[in-house]
Each structure stands twice: as structure tokens, then as C-alpha cells.
Amino acid sequence: MKLLIAIVQDKDAHLLGDEFAQANIRATRLSTTGGFLRAGNTTFLIGIEEERVDEALDIIKENCQSREQMTIPPVHIDSMLDSAIATPVSVRVGGATVFVLPVDSFLRF
Ligand code: 2BA
């Protein structure tokens, strides 16, 4: 058994959840916040048999798009004093960031 931790954009989370349900893949959704953009994203915890990991990864790949997002980069107080009005920059936020972890044991009571 493996645990997939998949961080996806909120815009993709609804469809992805539906696709998991349809494929009979059990998942838990957590509302999370990206450390860099400090914007909401969604983290799925998916406990899955080893032989179905590729199937789950394919579903994630197919349903999560990469998008450009504008953000104001973090500014140090020194440079703020110097002048700058922070300029928004564009970052490409991934389709999905996925960790695949081994599971020692899986219990349901
Ligand atoms: P955020 O931390 O809000 O990052 C959003 C996007 O900002 C990232 O997209 C990346 O394009 C950019 N970014 C992040 N940190 C940066 C930095 N120090 N300098 C320049 N650009 C930076 P993704 O890489 O696709 O990440 C999307 C979300 O996945 C992240 O949201 C975070 O919540 C999660 N994530 C990504 N890598 C992670 C990791 N190694 N560990 C834990 N969570 C991660």
C-alpha cells in the first residue's frame, strides 16, 4: 500500500474528486494554503494499493492543469524603504505536486 499526497489547485479539485470517486479510489480532501503564494489549494490524501498507483497518478495528470498566476513577491523591509512599489510577477503553478510514500500498515476499525 502507498499513500499519495497530491497538492492541486482549487480549480481542479472538484473534478479530480469526482474522477477518483468514479474510479473507486478513496481520497480525503484537505483545504491547504501554499507557502509561497499564500493562496488556497487542495491536498488529497489517497491510500491505494501499490498496483493502482499509476492509475491514480494518470487521473491526477489528466485532471490538473498548470496555470500562470500573478503574485507580489515577498519584499524585505530594507528594499521597501529604498523605493520600490512591489511589482507583480507571474509564476507557473503546477498541475499537481505529488508525494508517493510507503505505508507501514493500514487499519480500518
Ligand atoms: P505555493 O507554495 O503557493 O507555490 C505556488 C507556485 O509558486 C509554485 O508552483 C511555484 O511555481 C512558485 N514558487 C513556489 N516557491 C517558490 C520560490 N521559493 N521561488 C519562486 N517561485 C516559487 P508549484 O511548484 O506547482 O507548487 C504548487 C503548490 O504545491 C505550492 O504552492 C505548495 O503548496 C505545494 N508544493 C510545491 N512544492 C512543494 C514541496 N516541495 N513541499 C511541499 N509542498 C509543495
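A brief structural summary.

What counts, and at which threshold
Residues numbered from 1 in each chain as written. Predicted model: local features only at pLDDT ≥ 70, side-chain atom pairs only at ≥ 80, totals over all residues. Heavy atoms only, no water. Core = buried A, V, L, I, M, F, W, Y, C linked by side-chain atoms within 4.5 Å. Buried < 20%, exposed > 50% of the residue type's maximum accessible area, 1.4 Å probe, protein only. Helix = DSSP H or I, 4+ residues; strand = E, 2+ residues; numbered from the N terminus. Contact = heavy atoms within 4.5 Å. Near = heavy atom within 4 Å. Polar contact = N/O pair within 3.5 Å; in protein donor to acceptor, adjacent residues only side chain to side chain. Salt bridge = Lys/Arg side-chain N within 4 Å of Asp/Glu carboxyl O. Axes fitted to C-alpha atoms, helices over the stretch in contact; angles between N-to-C directions. Left-handed = near helix turned anticlockwise from the far one by under 90°. Nonpolar A, V, L, I, M, F, W, Y, C, P; charged D, E, K, R; others polar.

**Details of the nonpolar core**
With 15 residues, the main nonpolar core has Leu16, Phe20, Phe44 and Ile46 as its most contacted residues. Elements supplying a minimum of two residues to this core: strand S1 (2–9), helix H1 (10–22), strand S3 (40–48) and helix H2 (53–63). In terms of residue count, the dominant contributor to this core is H2 (four residues). Excluding residues that lie within four positions of it along the chain, Leu16 makes contacts with Val8, Phe44, Ile59, Ile60, Asn63 and Cys64.

**Some remarks on the site of the ligand**
Every residue lining the ligand is accounted for by Ile7, Gly34, Gly35, Phe36, Leu37, Asn41, Val91, Arg92, Val93, Gly94, Thr97 and Phe99. In the model, an oxygen atom of the ligand is placed 3.2 Å from a nitrogen or oxygen of the Gly35 main chain. In the environment of the ligand, an oxygen atom lies 3.0 Å from a nitrogen or oxygen atom belonging to the side chain of Asn41. For the shell around the ligand, the secondary-structure elements that each account for two or more residues are strand S5 (89–93) and strand S6 (96–102).

**What about the pattern of salt bridges?**
Under the counting rule described, the total for this entry stands at five salt bridges. Asp12 is the salt-bridge partner of Arg67, the closest N and O atoms lying 2.8 Å from each other. Of this pair, Arg67 sits in strand S4 (residues 67–71) while Asp12 sits in helix H1; the two residues are 55 residues apart in sequence, bridging distant segments of the chain. Here the two residues Arg67 and Asp12 agree in accessibility, since each one is buried. One salt bridge in this structure joins Lys61 and Asp58, with 4.0 Å as the shortest N-O distance.

**What to know about the packing of H1 against H2**
Two elements in contact, H1 and H2, have axes whose closest approach is 10 Å; the angle formed by their N-to-C orientations is 145°. As H1 packs across H2, the resulting crossing turns out to be right-handed. Facing Asp12, Leu15, Leu16, Glu19 and Phe20 of H1, the residues of H2 in contact are Ala56, Ile59, Ile60 and Asn63. Among the residues forming the contact of H1 with H2, the class breakdown is six nonpolar, one polar and two charged.

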